[in-house]
Structure formats: C-alpha cells, structure tokens
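Listed here are the chains, written in short residue letters.
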Amino acid sequence: MRRGLTRYGDEDFSLYLRKAFIKAMGYSEDALSRPVIGIANTFSAYNACHGNVPQIVEAVKRGVMLAGGMPMEFPTISLHESFSFPTSMYLRNLMAMDTEEMLRALPMDACVLIGGCDKTVPAQLMAAASADIPCIQVVTGPMLSGTHGSERIGACTDCRRFWGDYRAGRIDRDEIDAVEGRLVPSVGTCGVMGTASTMACMTEAMGMMMPGGATIPAVHADRLRHAEEAGARAMTMAAEGLRPSAIMTEAAFRNALRVLLAIGGSTNGIVHIAAIAGRLGLRLDMEAFDVMGRETPVLIDLKPNGQHYMDDLHRAGGMAALLRALRPLLETDCLTVTGRTLGEEIDAAPPSHAQEVVRPLSDPLYAGAGLAFLKGSLAGDGAIIKQSACSEHLLVHEGRAVVFDSLPDMAGRIDDPALDVAADDVLVLRNAGPKGAPGMPEAGYIPIPRKLAQEGVRDMVRISDCRMSGTAFGTIVLHATPEAAIGGPLALVQTGDRIRLDVPARRLDLLVSEDVIAARRKEWTPPDTGGERGYAALHMAHVTQADEGADLDFLTRRPFTGTIP
Ligand code: FES
C-alpha cells in the first residue's frame, strides 16, 4: 500500500488517507499488510470475447489469497473487434497507455493481466514491457466451435466464407441469418488461428503466460484452474521481482516469431510483436524475419490455413505439442513467468499422444515461408503476404490495377455492376494505413466484386496499406509501408497500370516508368485525415508505420538498441 503514494507533500499523511479510504471497502489491517496483486479486469458488456472475465477474475483472486496475498482488481479499456469504431487497432495504443499508467499509478507488487480479443493482449504486453513490474498474462481462451447442419463452423474464418457465399448468391438470406446465430456458440476468442489465438500462442512461447494457457477453451474448468495458478504464481513473482524485461528478451522474441511462423499465424502478429519489442528498444528486422520464415515450416493444421479449430489444438496437446515439435528451432534456455526455462516447461508438460493437428517437422502442413516479406517499387520499405493462405496460381501474377482511393470509395464502387474489373485484375486499396483510415483497419480482405463472385471467382490479388483479420484467406498483400496517406508508393498507382507480384522472388512492382512516377509525385497532395482534437490528434501526430508496430513514437524506447529476430 506504500507504493506510488499520492503526492500531498507528506508521505505519512498520504498513506493514512489511502488506508482510510480503502478501509471503507471493509479490508482489515491484515489484508492491507499483504503483498498486493493487481488484476486488470477487461470485462465489458460489449465484449463477448471477454465474457468469462468475471469468472477468471474470481479464480485469480482465489489463487492470490491461497498464496497469502491481497488481490485488487481494477478496470481498463476493453476492446472488441466488432465494437471499436473506426477499428480496434486505432484504440490499441490508448489501451496500452491506460494499462501502463494504471500499473504505475496503483500500488501493486505484481499484476495479472486478463485479455483475449485481438488488440487487448498486445496492449497489455506493451504496457507490461514499459511499466516493467512483475506481470503474468492470462487470456480468456478460445470459444468452442459450433455446427450448421452437418458442418462444423467457427468464427471467424467461416464468417467470411459464408458471407462470400451469400454475396455470390450461393446461399440465401434465411441461411445467412441462421449462420449468424451459430457462428459464435460460446464466449471466448475466435476459434481459429486468428489474431487472438496467434497472440495467445506467441505469448506462451515468449514465456509471459503460465504453460498451457494459450489453448484452453474459454468455457473449460481448466481455464479457471489456470487463472488460479496464475494468481498464486504472481505472488511468488512479486517476491522474486521477476520483471517482464527479464522474460521478454531478444531470444524470447525470436521464439515468439518462430512460433508465429509455425502456427501459420495472423499477419497482425508481426505488427503487434514489433510494437511490444519497440517498448524494449528492439526493432523488428523484416528481412531477417523473412529468412527465419524460409526455414520455419507451418506445423499446425488449423483454419484458415488448414481444417481444424482451436479446441482441436487443445485436445491435441496445445502449445506443449507444438513447442515439442518445434524444439530444434527454439532457444529453450529463455526464462518464463514460472521461473523455469522454456525447455524445462516443455520437459514438464504432459506426454504427447496420437493426434492430427500438430505435425512433426518431417511432415509439415506447409514447407516454409508461411509469411513472406516483399520488396519492390510498389512495396516501398516493405509489405507482407501470408503465403500459406494464398491461391497457388496467383503467387506469380501480373495484372491491371483497379484502384480504390479510400474505404468509402471501395464500399461505394466494389459491387457496382458497371465497375470495370476482371478476374485477373489486381485490386488496390489505399489511404487505409495507420494514418490514412486512421488506425490501419482490417480492410485488406478486399471483397471480390459481386459480379465476379457470382461468376465463381474466389480469389484475386489484392494490395493495400492496411491489415487483414488473421482469420481471412486469399492472395492479399498487406502493410505496404510507407502508407499512401504519407506519400508511399500506393499513392501513385492509377487504374490501368500494370502490377507484378512475384512471391517466390519476394517482389511487388509497379510496371510504370520512373519518369511517369516522378510526374505523378509532383501532382500528389496528401488526403485530409482529420485528427484535430483529443486522442485522434495524438494518434495522427505520433503513430508510426506498420514496420515499427504502429505504436506512438514517444512510447517506444529510442534509440533502438537491438534487432529481432
Ligand atoms: Fe475477439 Fe475474434 S473478435 S477474438
């Protein structure tokens, strides 16, 4: 209770006043003399992915009290993907600031961070890295998979598949309404290898979560036992002073990136890990990451790359099965929140059993380079593509650009029967990056124009400066950096230009002469992106590009002192 006393100019008075107020909550002297474990509560009636947070909070409290401590829950911002205008990414940094400042402002010896939905875990880890007090991440866990007729379904890969079928006229309004009621059969995070699952798996690999926590379904009793264990362990971490900076080392980030590749994880994982590492003075080197990608196969057979769901991965042994299979490529002497190394935790995990979800290194789902880093005249400083979710025949493709100037422009024209577009064209969406949209929304999964979808076209090359949901699939180039709104190469493309994508050669090029590009650059004027007041003004003035995690520049630790991987 003595930590971070409010400044009245008299510390004894500050403590006396603090205790006077907190005693109104019925706490005894004994309770107030114990180590304090904060619990970041991200429950919100708007956030179904966090629907089990109240039960998790109770379980964490139980663990803290069984270990002799004093649990203190406190609220922070909660972000759900579908309830965050204009996009949850725009608010991730605000949540990170909120969490970091609470970790600093409130008296606590350690903290259990409860997150789950896509942006919440990155925001909490960014905060933990900056505040650097002992922290354990607990996630809400994946939802269960559901059924529609005889078919197994789950959010959100199947959300997109059914919506694509509806747009193409393959299913009618009644069926899409029925699907809407079945896609999310329980609370918890998306049940495929989307961003939430990706971040959970990376967090466990990085050592910031108790072993086994990434995959336990949200509604399983084990989820609560895991939370109780985290509460108890936070007490020991407080005594040991085991801080995030001792766990999230360069080697731990390498393990996390290795796991990102091996699980065929969300492209968003790259942006988030760049932001978390940036808080510790580490810069993500995308060319080195591409090299790591070429030597790291995709081992998990999960949607959107494969066929299974997160509850299948849990039954198959969860992260222990994956880490065991990946062990030759991991740095196993990294410390974890347990105080033991990653290698010791792999050894201590339950023995493997026969299963079909986690492949061995000798029989991968995808041989390598699930995520690839592109350079070239249209990629600027770089762009990425999730190769494992691409159509094979489009990996090398040349086509005519069809350009959408903004999200509203795309929404207004994509389904226009008069739109001049063919299946082998390349769809370009610009002004949708960190500043352009703003917030770099998940709009990179540009819908196939309705008239082409109705002809049976299921994939086209699509390019943008925004992000894509980890649950999506297709031949989609993302995160073009610098973004169009600050004059990146996408700003200068015109409908009718030729574009060439060559993923094996890691190239994305605009086949237009340099003279023409120079002339267009002279004519270019930046779009009006707003941001005159409040958080918007802060965001517009300080947000970095995707390669630095789209964090606020004053929150990263600069100058960078190292690179990952
Ligand atoms: Fe929350 Fe997918 S919407 S994890």
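Anything mentioned here points back to the structure above.
Now for a look at the structure at hand. (Residues numbered from 1 in each chain as written. Predicted model: local features only at pLDDT ≥ 70, side-chain atom pairs only at ≥ 80, totals over all residues. Heavy atoms only, no water.)

### A few points about the environment of P35
Here is the rule we go by: Starting at the N terminus, helices and strands are each numbered in turn, a helix being any DSSP run of H or I of at least four residues and a strand any DSSP run of E of at least two. Any two residues whose heavy atoms approach within 4.5 Å at even a single point are treated as in contact.
Mapping P35 onto the fold places it in the loop between α2 (29-32) and β1 (36-41). In this structure, the C-alpha to C-alpha distance between P35 and E398, residues 363 residues apart in sequence, is 63 Å. Look past the residues within four positions of P35 in its chain and what remains in contact with it is G68, G69, M70, D109 and M235.

### Points about the state of the cysteines
Heads up, the rule is: Counting rule for disulfides: a pair of cysteine sulfur atoms within 2.5 Å. Relative accessible area decides the class of each residue, using a 1.4 Å probe on protein chains only: under 20% of the type maximum gives buried, over 50% gives exposed, and in between gives partly exposed.
One pass over the full model with this rule turns up one disulfide. Paired through a disulfide, C156 and C159 show a sulfur-sulfur distance of 2.4 Å. Taking the torsion about the S-S bond as the criterion, the C156 to C159 disulfide, at about -105 degrees, is left-handed. Classification of C159 by relative accessible area gives buried; the value is 18%. With no disulfide of its own, C135 lies 5.2 Å from the sulfur of C111, the closest cysteine sulfur.

### Some words on the sheet that holds strand β2 (residues 70-75)
By way of backbone hydrogen bonds, the strands of a sheet pair with one another, either parallel or antiparallel. For clarity, the threshold we go by: By the convention used here, strands pair only if DSSP detects at least 2 bridges between them. In this description, a line fitted to the C-alpha atoms serves as the axis of each element, helices being fitted only across the stretch in contact, and the angle between N-to-C directions of two axes falls anywhere from 0 to 180 degrees.
Overall, parallel pairing links the four strands, which are arranged β2-β1-β3-β4 in an open sheet. Two strands in the sheet have a free side with no partner beyond their single neighbour: β2 and β4 (135-139). Pairs of neighbouring strands in the sheet enclose a mean axial angle of 20 degrees, with direction left out of account. Here β1 pairs with β2 via six bridges, running parallel. Considered in β2, the bridge of V36 is made with M70.

### Some details on the packing of aromatic side chains
Inclusion rule: In this scheme Phe, Tyr and Trp rings, the latter by its six-membered ring, pair at centre separations within 6.5 Å, and the angle between planes marks the pair as stacked below 30 degrees, edge-to-face above 60, and tilted otherwise. Two limits define a charge over a ring: the Lys NZ or Arg CZ must be within 6 Å of the ring centre, and within 35 degrees of the ring normal.
Counting across every chain of the model gives six aromatic pairs. Ring centres of Y8 and F13 lie 5.5 Å apart, and the angle between their planes is 75 degrees; this geometry places the pair in the edge-to-face category. With relative accessibility at 49%, the residue Y8 sits in the partly exposed group. Geometrically, the ring pair formed by Y445 and F473 is edge-to-face, given 6.0 Å between the ring centres and 65 degrees between the ring planes. Taken together, the residues span a long stretch of sequence, with Y445 in the loop between β11 (426-429) and α18 (450-453) and F473 in the loop between β12 (461-464) and β13 (476-481) at a distance of 28 residues. Judged by its relative accessible area of 21%, Y445 falls in the partly exposed class. Note on F473: relative accessible area 26%, which makes it partly exposed. Through successive ring pairs, a cluster of aromatic residues spans Y8, F13 and Y16. In this structure, R160 is placed above the aromatic ring of Y445, and the distance from its NZ or CZ to the ring centre is 5.7 Å. The ring of F162 has R161 sitting right over it, with the charged end atom 4.6 Å from the ring centre.

### Digging into the nonpolar core
The line we're drawing: Definition used in this section: a nonpolar core is a set of buried Ala, Val, Leu, Ile, Met, Phe, Trp, Tyr and Cys residues joined via side-chain atoms within 4.5 Å.
If you look at the biggest cluster of nonpolar residues, it comprises 113 residues, and the most contacted ones within it are L103, I114, F253, V259, F289, L322 and L323. Looking at this core element by element, the count peaks at nine residues for helix α11 (residues 250-262). Excluding its chain neighbours within four sequence positions, the residues that come into contact with F289 are L257, L260, L261, I270, L371 and P565. Formed by 28 residues, the second largest nonpolar core is a distinct cluster that contains A372, A383, C390 and I463.

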